[in-house]
Amino acid sequence: MAKVELDRLTVQFGDVAAVDGISLVLNQGEFIVLLGPSGCGKTTALRSIAGLQHASSGEIRFDGKPVTGLSPAKRNVAMVFQFVSLYPHLTVRQNVAFPLRAKGVSSHEIGKKIEWIAKVFAIGDILDRYPVGLPPGSRQKAALARAVVRDPDVLLLDEPLSAVDEQYREEMRWELRHLQKELGITTVHVTHDQREAMSLADRVVLMRAGRIVQVGPPAALFNDPADRFAAFFIGSPGMNFIDLTLATDGLHVAADQTLRVSAPNSVLECARAAGLNQIVLGIRPHMVELASEEGRGVLSAKLLDAALVGRDLQAQFALAGQAINVVLPPEAELRDERRLRLPPAHCLFFAPDGTRLGER
Amino acid sequence: MSIPQDETARVKRAPKQARTLPDSWLCGLFLAPSGLILALMVFYPFFSLIYYSTLQFSMMRPRIEPVDVGLGNYVDLLNDNEIWQRFAFTGKFVLATVLIQFTIGLAVAYAFQRNFKGRDFLFTLALLPMMLCPIVVGFLWRYMFNSEWGVVNWLVSLVGIAKIDWLGRSENALWAVAVADAWTWTPFVILLATAAFRGIPKDIKESAEIDGASPMFTFFRVTLPMSLPILMIALLLRLIDAFKQYDLFLAMTGGGPASETQTAAFALGKIAFGYFHTGEASALAVILLIVIMGLSMIFVRYLTRLSNRV
Amino acid sequence: MSQIMLAVQGLKKRFGSKLALDGIDVAVMEGEVLGLLGPTGAGKTTTLRCISGLHKPDAGKIWLAGEEVTRDSPMVRDIAVVFEGFNLLPTLSVYDNIAFPLRSPHYREDETEVQLRVMRAAADLRIDHLLNRRTDQISGGEGQRVAVARALVRRPKLFLLDEPLSALDLKLREALQSELRDMHRRRGQTLVYASHDFLSTAAIASRIAVIDMGRLLQIGTLAEIYADPLHRRVGELVGSPSMALLEAKVRDQTVTIDGYPIPWRLSTLRVAGLVNGGSVTIGLWPEDIGFSTQSAPDFASATLWATDFRGKDQAVEVRFGMNRVRKVVPTDFRLAQGDPCFLHLDPAKAFVFASSSGSRLRPGPDRCGRE
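Fair warning: this is a prediction, and the values are worked out from it, not measured in the lab.

Caption draft 1: Main features of the overall build of chain C. A count of helices and strands for chain C gives 9 helices and 20 strands. Within chain C, the fraction of its 371 residues that count as buried is 55%. When the accessible surface of chain C is summed, it comes to about 15400 Å², and 51% of that surface belongs to carbon and sulfur atoms. Taking the average place of the 48 positive charges on the side chains of chain C and the average place of its 44 negative ones, the gap between the two points comes to 2 Å.

Caption draft 2: Quick peek at the state of the cysteines. Applying the stated rule across the entire model yields 0 disulfides over all chains. Here A:Cys270 stays free of any disulfide, with the sulfur of A:Cys347 as its closest cysteine sulfur at 16 Å.

Caption draft 3: Quick peek at the interface of chain C and chain A. Counting residues at the interface gives 36 residues for chain C and 38 residues for chain A. When chain C packs against chain A, the two sides together hide about 3200 Å² of surface, and 50% of this comes from carbon and sulfur. Where chain C packs against chain A, one counts 8 salt bridges. Measuring nitrogen to oxygen at the nearest pair gives 3.8 Å for the salt bridge that ties C:Arg326 to A:Glu170. Residue assignment for the side of chain C that touches chain A shows that the elements contributing at least two residues are helix 5 (170-187), helix 6 (198-204), helix 7 (222-227), strand 16 (300-309), strand 17 (314-320) and strand 18 (323-329) of chain C. Take the side of chain C that touches chain A: its biggest share by element is 7 residues, from helix 5 of chain C. Among the residues making up the side of chain C that touches chain A, the classes are represented as 15 nonpolar, 7 polar and 14 charged.

Caption draft 4: Region of the structure containing the packing of aromatic side chains. Evaluation of the coordinates by the stated rule reveals 26 aromatic pairs over all chains. Between the aromatic rings of B:Phe46 and B:Phe47, the centroid separation amounts to 5.5 Å while the plane-to-plane angle is 70 degrees, which identifies the pairing as edge-to-face. Pairwise contacts between aromatic rings join B:Tyr110, B:Phe197, B:Phe219 and B:Phe220 into one cluster. A cation over a ring is seen here: A:Arg228 above A:Phe241, with NZ or CZ 4.2 Å from the ring centre. Here the basic side chain of C:Arg319 rests over the ring of C:Trp305, its NZ or CZ set 3.5 Å away from the ring centre.

Caption draft 5: The sheet that holds strand 5 (residues 65-66) of chain A, seen in detail. Residue and element names in this part refer to chain A. The strand order 2-1-4-5 describes an open sheet built from 4 strands, whose pairing is antiparallel. The open sheet terminates on both sides in strands that have one partner only, identified here as strand 2 (16-26) and strand 5. By the bridge criterion, 8 bridges tie strand 1 (residues 4-13) to strand 2 in an arrangement that is antiparallel. Paired with Gln12 across the strands is Ala17, a residue of strand 2.

Caption draft 6: The nonpolar core, seen in detail. Counting 57 residues, the largest nonpolar core has C:Ile98, C:Phe159, C:Ile208 and C:Val238 as the members making the most contacts within it. The leading source of residues in this core is helix 4 (residues 140-152) of chain C, at 6 residues. With residues near it in sequence (within four places) discarded, C:Val238 still touches C:Leu37, C:Phe198, C:Val210, C:Leu222, C:Ile225, C:Tyr226, C:Met243 and C:Trp285. Formed by 44 residues, the second largest nonpolar core is a distinct cluster that contains A:Val92, A:Leu144, A:Leu206 and A:Phe233.

Caption draft 7: Up close: unusual backbone geometry. Omega for the bond connecting A:Ser236 with A:Pro237 falls within 30 degrees of zero, at 0 degrees, which places this linkage in the cis form. Of the consecutive residues C:Ser240 and C:Pro241, the connecting peptide bond is found in the cis state with omega at 0 degrees. Residue placement: C:Pro241 occurs in the loop between helix 8 (232-237) and strand 11 (244-251). With a phi close to 50 degrees, C:Asp252 is a non-glycine residue in the positive phi region.

Each value, and the rule that gives it
Residues numbered from 1 in each chain as written. Chains lettered and ligands numbered in written order. Predicted model: local features only at pLDDT ≥ 70, side-chain atom pairs only at ≥ 80, totals over all residues. Heavy atoms only, no water. Helix = DSSP H or I, 4+ residues; strand = E, 2+ residues; numbered from the N terminus. Buried < 20%, exposed > 50% of the residue type's maximum accessible area, 1.4 Å probe, protein only. Areas by Shrake-Rupley, 256 points an atom, 1.4 Å probe, with all protein chains shown as cover. Lys, Arg positive; Asp, Glu negative; His and termini not counted. Charge placed at Lys NZ, Arg CZ, Asp CG, Glu CD. Disulfide = S-S within 2.5 Å. Contact = heavy atoms within 4.5 Å. Buried area = accessible area lost by both parts, 1.4 Å probe. Salt bridge = Lys/Arg side-chain N within 4 Å of Asp/Glu carboxyl O. Nonpolar A, V, L, I, M, F, W, Y, C, P; charged D, E, K, R; others polar. Phe/Tyr/Trp six-rings, centres within 6.5 Å; stacked < 30°, edge-to-face > 60°. Lys NZ or Arg CZ within 6 Å of the ring centre and 35° of its normal. Pairing = 2+ DSSP bridges. Core = buried A, V, L, I, M, F, W, Y, C linked by side-chain atoms within 4.5 Å.

Take a look at the structure:
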């Protein structure tokens, strides 16, 4: 297990910086997820840590020692790929033994290690089978076993669940999380699936266009996103965004000026100081409340539809011509016209360029 | 809310059934032309061959009635020691040429995995020998192997060894022709091996790299085993071709001295178009066919087992 | 009074040695969205293909708006389908793709009508700005909308969607789900939506038909399914997290759940036909399972096996014996893997399933039904 540091890591492809000077410290035993849309540089960053991608500038250190120039074999990292992670011409047992044989470990030692890893990953029953006949879940478990058997300093996972059928993905997520905590190996996992990131990560690194947008525990990204992109990207159903105009008497819904919204003073000051007269309000669907009477901050909206999804009631309202998603407890009473409240404490405010307004 | 009446009314109702030819008929129609050609050019000659092998006659003397000898031709051939010698020589030749082709072929394909300057040019160059006519290749190497003024002996003399009679002695001729054959067809092996190596997913190669495997270890434990299906096909094709080798022997040794460097195919040619013993030749052809088919079936069986795994 | 738009009776289909559909009976009301929920290979695609006419069923009948269409070729049935791969015609523009069904020999329309319909469909799906592009110049999400527009332009009686969203990333999926719901609201289109994903099916469907191994296990609203699941597979496929299925043994009038120290009296389960010494599967919806970080009476101790942060809440997995339970708890609970925790399983909320067949064991005839 090692502490991994990225120090102003940059990877250029021609004149495009796929990774643009990112700095990050990953603590020992941590499960870090690099999250972002395709093309954000997360895979390039991962491959740089592996040594499969040459860094244009910056440094990578394991436990304080620079590894930037070293070949993958010398870095003591292990990697699980998205599609083919197992050698198809070898049995699972031979696969798991492969890295040990490559290093010249004795057969006896190999046997003991395989026994141990088979127990941890519960793959004892598939040891003598070939990868081709195995379900994708078992295959990725075997791939993980192979990665972990040689005690790597860092475990790198390149979207290992993307190729797995959706219905098995949830199972695998639970297993992966459990195993990582059991084994305690510093793990870097790349995905574009924010659900996966929130499930697995101790900390999430949200990336976009080669830069880091936000780093923090999943709860921090969920409740306190750094900008509009982060707020939009994380969470499903996604955050509702409402355009507001800032007048001298406060905030109004842009599409219907009669509707007024309140915001903390810090936000209003911030907006006025920046000379903005248009800002965006963001609120998560489960934070929208049904209000029983008129009052400050209560907006009337028309019910479009509602469905029981799992144990939540997911409803859609039309507020000043815009569809707002709301998640309510199942016993909520819905009538055609309803009053919604957007509690200021749970609202986020953004400038038109996406930056957060007010304190975080 | 229901669908507006006027819109559905506009949609015309079409007849209930649409008739088309059954699929199997269509298949038959498409296959018919090829089937016809196959029948005329392959099946007819093939069954004629089998028929002729049961007769004793000569195509050059159609007036003399063919004698039905049943399996007599086969018995005679299999009792003939000379024929067995021919098969032995063929076997040795096949092994020799295939050995050279694959050792060099795989080594070159291995070297060509890494992209170096001029690789593509060298690759194209390496493929040239395949494009030459076998007879031409035969004569080319005949001159090169000439014991008096051939290039090979000159090179050999540089190292201090005395001139070797390459084509006059059957032990040497075996290797000389094998070299010529290998020279022509190693490019084929290089081509297929390169294709096989390139077909290995990048992830696998990167996996091996990260696992700490040296390039040699990766080559023997990953690249080669995963390329086995394609390499087996290459091997099978080369073996079959080697069995049939005729032109090179014709050009380089003429089958001599005496009949020492006659392969089975060469002997077949002699019997069929030298002595015109058509019946006997047909029988020999059938025997040769059975040998090659037997070999192929072993390969195919092994191949199917392999491909079920990878 | 809405009519039955689609009725399927006794549908059977075999492919070689595999029985893909084993007697499917379902009715879809006009204007309803029926969700067809089941794992991969359950028979969803086969069912849709039979309904649309692409497969001829071995047995069974299909009625569309009262008329039997079982023997009709797909061209003639007034059904539109969107499959997983979209199947857009690569050589035609978006406009021509959408117009295609209207120009086929069976539905020949004049061009002014075609244009009207295409523009309307494109406006509905918000792709009017793409009409002149070629299909290889548009993104995945846009392609999905074109496929939907193409299916809708004929205003078919029935619209089948086969996992239409699985190829898309999450945000696109949400956007399209929203549009499908919107479109259904405005047009009153009858839809059958097949998927293996519970959440996206529940978001759009008014009733859910659970299918597995070629059989329909249950049809009903989500509330009905929660109140009365008929098969353990229904419990496995419905809910997020889905039902906890616990192995238990019956011995001398008590039922003991493996790993759970508190045995239940057989009488509390109000089920007949349990064999002494046999095993049984107990199903509990996660919401009916008591969870606590502190010890409490009637709560058994267990260890937290893993956690799963979901944003507005978190899920935890707890293992005991050979059983496991997943439950949603508020995010305020500060929980870590390995922490001790406590569970309460309530027999009054339990559903009993036969161990071998998985079907639900109902209260015996001399007991009253569950509340």
